[in-house]
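# Residue-level structure breakdown
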Amino acid sequence: MVSRIIPVDPFNLVIFGGTGDLARRKIIPALFRRYCAGQFHSKSHIVGAARSDLTIESYRRLIEASLREHAPKRAQDEEALKEFLSRLDYVSLDAKGTAGWNDLVDRVGGTRTEPGQDDRVSVFYFSVGPDLFGPLAERLHRFGLAGADTRIVVEKPFGRDLESARALNVTLAAHFDESQIYRIDHYLGKETVQNLMAVRFGNMLFEPLWNSQYVDHIQITVAETVGVSGREEYYDAAGAMRDMIQNHLMQLLCLIAMEPPAKFDPDAVRDEKLKVIRALDPVMPHHIVRGQFEACLDPERAHPSYRGSVNQPRSTTESYIALRTHISNWRWAGTPFYLRTGKRLKARSSVINVIFKDAPHSIFGEEAGRHANLLSIRLQPNEGITLKVTIKEPGPGGMRLVDVPLDMTFAEALGPSGEDPPDAYERLMMDVIRGNQTLFMRGDEVEAAWSWTDPIIAGWTSRGDVPKPYVSGSAGPIDADLLMQRDGREWRGITP
Ligand code: NAD
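The paragraphs below set out a description of the structure included in this document. (Residues numbered from 1 in each chain as written. Predicted model: local features only at pLDDT ≥ 70, side-chain atom pairs only at ≥ 80, totals over all residues. Heavy atoms only, no water.)

## Overview of the overall build of the protein chain
If you tally the helices and strands in the protein chain, you get 15 helices and 15 strands. Counting the 496 residues in the protein chain, one finds 52% classified as buried. When contacts within the protein chain are restricted to residue pairs at least 6 apart in sequence, those whose partners lie at least 24 apart make up 77%. Of the roughly 22400 Å² of accessible surface on the protein chain, 52% is carried by carbon and sulfur atoms. Computed over 60 positive and 66 negative side-chain charges, the separation of the two mean positions in the protein chain equals 2 Å. (Helix = DSSP H or I, 4+ residues; strand = E, 2+ residues; numbered from the N terminus. Buried < 20%, exposed > 50% of the residue type's maximum accessible area, 1.4 Å probe, protein only. Contact = heavy atoms within 4.5 Å. Areas by Shrake-Rupley, 256 points an atom, 1.4 Å probe, with all protein chains shown as cover. Lys, Arg positive; Asp, Glu negative; His and termini not counted. Charge placed at Lys NZ, Arg CZ, Asp CG, Glu CD.)

Now the structure itself:
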């Protein structure tokens, strides 16, 4: 099945941090793939803006190398690569000063403060550290680039607690309306995450069962095999709670638990997500496990411990979290949600498992065993959805039951042959151009998420909590298994 390509309106996109890791590895390769797919209007234009003093030619060479590395299949089309690069421009500027800003105004075709100056959609992507979000917003305004329909895209982290997130929201709101601000969480751009909404609200099959009467519990796992290399300073100040739970896992929790919105409209969807966050119970200290990975001595994959990696021998920052929470509303009262995420785990795997209750009575007797249905939603790798159903074991051996998967792997079912599934940034960037905020976080959502997270972090600080060590390449600390066992449950395996 080949998806339809609907071209977007012509746009003028400025990427602040255009020489940075995220721009080179994700944002520009995503734009290139959309360009190759025929989604760009010929008047569209991309400007990289960063501190480095580069000529346009040297910037294009830098990006060419990135595209060959991060979009290798598409970059084999030399003609397309050349055309795409010819649309790239570069401006050297200082986000905290005034150098380069008049140059930027010229490159984007003038100011945007009066209507009718340029009919292209105007987007500014803040792919820089959060300390620059405020200065950039202020300068866009000062230099006449913040028009009524200008859009800004803001990367994570959006604050490090409620107070800083509020302050950031106030700063951005001084120059832009909420409808112009796109707070990005790339998890929301993943095909499966969107499919979660399609599966839940596009089928009659699941929604009647989607509540505490039929669902025993839900597990959300985001496991990584990598450590913190390249991000040591940031990560040690953040930890898994701020880096992953407050945003990515919280967003997944919202989508899995929210009520059906009246329509698929940005505010209707975000209103429902916000209600979920506001209904979350505080997490009890005995319902949360923090961990830090140990050193690995295996010569094939040797690496230092977490503390060694960040060069902080006494660090109490967690590289792993497992927790149990509840949503206090009619739908979910009594169904626990278990969230876990960590680094240096046994496999890279992001998956949501919905574990249904056992059938109330087994007509097949005790020996048939327990066979709970399971809906497994895989975000990465191998995006897809699997429903585990119970059937009779084939053959003449009597009535024995086995669980078999009904499997839908999107790459096989939907992808044109030989193509990778679209990257989350492809979808999200096109949504920004289309002006669709559904998959972006609203300011009040981010603040509500911090309101839930802050007391948990404050509790660790006041108790002097120290994370439990865990074996690198394992599923995390033993205490995380005990958290489940105390409830008579177990984690699903972490498999690639
Ligand atoms: P980076 O350090 O690789 O790049 C930073 C960019 O900002 C560079 O282009 C640099 O020139 C520019 N810059 C710095 N100071 C400047 C100034 N005063 N004026 C103008 N430009 C300036 O950072 P990155 O990894 O690309 O991350 C960018 C943002 O995206 C950060 O907020 C980060 O937290 C977020 N993010 C990154 C990743 C990732 O995988 N790299 C993932 C998620 C979120």
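The rest of the description comes next.
## Comments concerning the site of the ligand
By nearness alone, 20 residues border the ligand, and Thr19, Asp21, Arg25, Ala95 and Val128 come closest of all. Thr19 places a polar side-chain atom, nitrogen or oxygen, 2.7 Å from an oxygen atom of the ligand. Between the ligand and Arg25, the relevant distance is 2.6 Å, taken from an oxygen atom to a side-chain nitrogen or oxygen of the residue. Within the complex, the protein chains bury 75% of what would otherwise be the 830 Å² of accessible surface of the ligand. It is helix α1 (residues 21-36) that provides the largest number of residues to the shell around the ligand, a total of 3 residues. Of the residues contributing to the shell around the ligand, the split by class is 8 nonpolar, 6 polar and 6 charged. (Near = heavy atom within 4 Å. Polar contact = N/O pair within 3.5 Å; in protein donor to acceptor, adjacent residues only side chain to side chain. Nonpolar A, V, L, I, M, F, W, Y, C, P; charged D, E, K, R; others polar.)

## What about the packing of aromatic side chains?
Throughout the structure, instances matching the rule amount to 18 aromatic pairs. Both rings, one in Tyr320 and one in Tyr470, keep their centres 5.4 Å apart while their planes meet at 55°; by these two values the pair is tilted. Taken as a pair, Tyr320 in strand β9 (residues 320-325) and Tyr470 in strand β15 (residues 468-470) lie far apart in primary sequence, 150 residues in all. The same class applies to Tyr320 as to Tyr470, namely buried. One aromatic cluster is present, built from ring pairs that chain together Phe16, Trp101, Phe124, Phe126, Phe133 and Phe143. The cationic tip of Arg183 hangs over the ring face of Phe158; the distance from NZ or CZ to the ring centre is 5.0 Å. Between the NZ or CZ atom of Lys190 and the centre of the ring of Tyr187, over which it lies, the distance is 5.3 Å. (Phe/Tyr/Trp six-rings, centres within 6.5 Å; stacked < 30°, edge-to-face > 60°. Lys NZ or Arg CZ within 6 Å of the ring centre and 35° of its normal.)

## A closer look at the pairing of strand β5 (residues 151-154)
Across the two faces of β5 the burial is the same, with Arg151 and Val153 and Ile152 and Val154 all buried. For strand β4 (residues 121-126) and β5, the ladder comprises 4 bridges, and the chain directions are parallel. Across the sheet, the residue bridging to Val123 is Arg151, located in β5. Regarding topology, helix α6 (residues 133-142) serves as the crossover connection from β4 to the parallel β5, and that connection is right-handed. Inspection of the sheet shows β5 paired to strand β6 (residues 181-183) by 3 bridges, in the parallel sense. In the strand pairing of β6, Ile152 is matched with Ile181. Once you follow β5 into helix α7 (residues 162-173) and on to β6, the crossover reads as right-handed. (Pairing = 2+ DSSP bridges. Right-handed = clockwise from strand over helix to strand, strands pointing away.)

## What about the sheet that holds β6?
In space, the 6 strands of this open sheet follow the order β3-β2-β1-β4-β5-β6, with parallel pairing throughout. Whereas interior strands pair on both sides, the edge strands pair on one side only; in this sheet they are β3 (88-92) and β6. Shown here is a sheet whose adjacent strand axes are inclined to one another by a mean of 20°, direction ignored. Of the strand pairs in this sheet, strand β2 (residues 45-50) and β3 are connected by 5 bridges, and their pairing is parallel. Paired with Ala49 across the strands is Val91, a residue of β3. With respect to the sheet, helix α2 (residues 56-70) is in contact with β2 and β3, its orientation differing from that of β3 by roughly 120°. (Axes fitted to C-alpha atoms, helices over the stretch in contact; angles between N-to-C directions.)

## Considering the packing of α1 against helix α13 (residues 424-434)
Here α1 crosses α13 at 70°, and the two axes come no closer than 8 Å. On the basis of the axis angle, α1 is roughly perpendicular to α13. In terms of crossing hand, the pair formed by α1 and α13 is right-handed. Of α13, the residues touching α1 (which contributes Leu22, Lys26, Ile27, Ala30, Leu31, Arg33 and Arg34) are Tyr425, Glu426, Met429 and Met430. (Parallel < 35°, antiparallel > 145°, perpendicular 65-115°, else oblique. Left-handed = near helix turned anticlockwise from the far one by under 90°.)

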